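Commentary on secondary and tertiary structure
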Amino acid sequence: MTTLSTPNGGLRIALSRAWRQQRTKELRTRFGPEYERTVERTDGRRRAESELRAREQRRERLDIRSIPPNERERYVAAWRQVQASFVDRPALALQEADALVHDLMRGCGYPMNRFEQRAADVSVDHPYVVENYRAAHDVSVRAEEGDAGIEDMRQGLVHYRALFEELLDVDRVSDLREVR
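Let us look at the structure shown here. (Residues numbered from 1 in each chain as written. Predicted model: local features only at pLDDT ≥ 70, side-chain atom pairs only at ≥ 80, totals over all residues. Heavy atoms only, no water.)

Structural notes on the pattern of salt bridges
Under the definition given, this model contains 19 salt bridges. Put simply, Asp121 and Arg58 hold a salt bridge, and the shortest N to O gap is 2.6 Å. Placement of the pair is Asp121 in helix H6 (residues 115–125) and Arg58 in helix H3 (residues 45–61), with a sequence separation of 63 residues. Its relative accessible area of 3% is what places Asp121 among the buried residues. Classification of Arg58 as partly exposed rests on a relative accessible area of 22%. Residues Arg59 and Asp125 are paired through a salt bridge, measuring 2.6 Å at the closest nitrogen-oxygen approach. With a gap of 66 residues between them, Arg59 in helix H3 and Asp125 in helix H6 connect regions that are remote in the sequence. (Salt bridge = Lys/Arg side-chain N within 4 Å of Asp/Glu carboxyl O. Helix = DSSP H or I, 4+ residues; strand = E, 2+ residues; numbered from the N terminus. Buried < 20%, exposed > 50% of the residue type's maximum accessible area, 1.4 Å probe, protein only.)

Quick look at the nonpolar core
Grouped together as the largest cluster of nonpolar side chains are 32 residues, with contacts concentrated most on Leu104, Tyr133, Tyr160 and Phe164. Of all the elements in the fold, those that place two or more residues in this core are helix H4 (69–86), helix H5 (90–108), H6, helix H7 (130–144) and helix H8 (150–168). Counting residues per element, this core draws most heavily on H5, at 8 residues. If we skip the residues at most four places from it in the chain, Leu104 touches Ile67, Tyr75, Phe164, Leu167 and Leu168. (Core = buried A, V, L, I, M, F, W, Y, C linked by side-chain atoms within 4.5 Å. Contact = heavy atoms within 4.5 Å.)

Regarding the packing of H4 against H8
Across the interface, H4 lies against H8 with an axial gap of 12 Å and an inter-helix angle of 170°. As judged from the angle between their axes, H4 and H8 are roughly antiparallel. Only Ile150, Met153, Arg154, Leu157, Tyr160, Arg161, Phe164 and Leu168 of H8 make contact with H4, whose side of the interface consists of Arg72, Tyr75, Val76, Trp79, Val82, Gln83 and Phe86. Of the residues assigned to the contact of H4 with H8, the class counts are 11 nonpolar, 1 polar and 3 charged. (Axes fitted to C-alpha atoms, helices over the stretch in contact; angles between N-to-C directions. Parallel < 35°, antiparallel > 145°, perpendicular 65-115°, else oblique. Nonpolar A, V, L, I, M, F, W, Y, C, P; charged D, E, K, R; others polar.)

Some remarks on the packing of H6 against H7
Look at H6 against H7: their axes get within 9 Å of each other, and the N-to-C directions meet at 160°. Judged by the angle between their axes, H6 and H7 are roughly antiparallel. In this structure, the crossing between H6 and H7 has a hand that is right-handed. When H6 is examined against H7, the residues Phe115, Glu116, Arg118, Ala119, Val122 and Ser123 are found in contact with a partner set consisting of Val130, Tyr133, Arg134 and His137. Taken together, the residues of the contact of H6 with H7 sort by class into 5 nonpolar, 2 polar and 3 charged. (Left-handed = near helix turned anticlockwise from the far one by under 90°.)

A word on unusual backbone geometry
Positive phi, normally seen in glycine, also occurs at Asp43, with a value near 60°. Here Asp43 shows up in the loop between helix H2 (33–42) and H3. Judged by relative accessible area, which is 69%, Asp43 ranks as exposed.

Dropping the structure here:
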């Protein structure tokens, strides 16, 4: 039996450390800013990495799919209507954007559990826009409570659009960018 004080034990420790460092690097690369957010929220790298690996495993069990072209056109048309309605009814437009993103997520195959679980699921495939989803959701909640101004709601709509485009895999077409 080999103990940790033998050369082989030292090799095992070195290999284990190298493996952990590689896994950390892979998770940082895959999750981008979501990695750092999770480390801060969970108070530690090991817990964060465990959570991110659990998200990956959960995601592997989901049947996430692309939206077919004919449905994509329907979603784009619906988004244009949401944006057009913002000028006259910003709070309602924000609610409609939330509902449209919800519908799109369901169409892609994401389970529609509580918000934090949805955000965690989305973070595996879309780590660079999940923070937009969180920000948009926050504005939506504040708008429902009457605690969001028009600029807040405009920004919320912009955040929803970022996730919408990513989920729909829309090239950043100009006709989705009317609200600035």
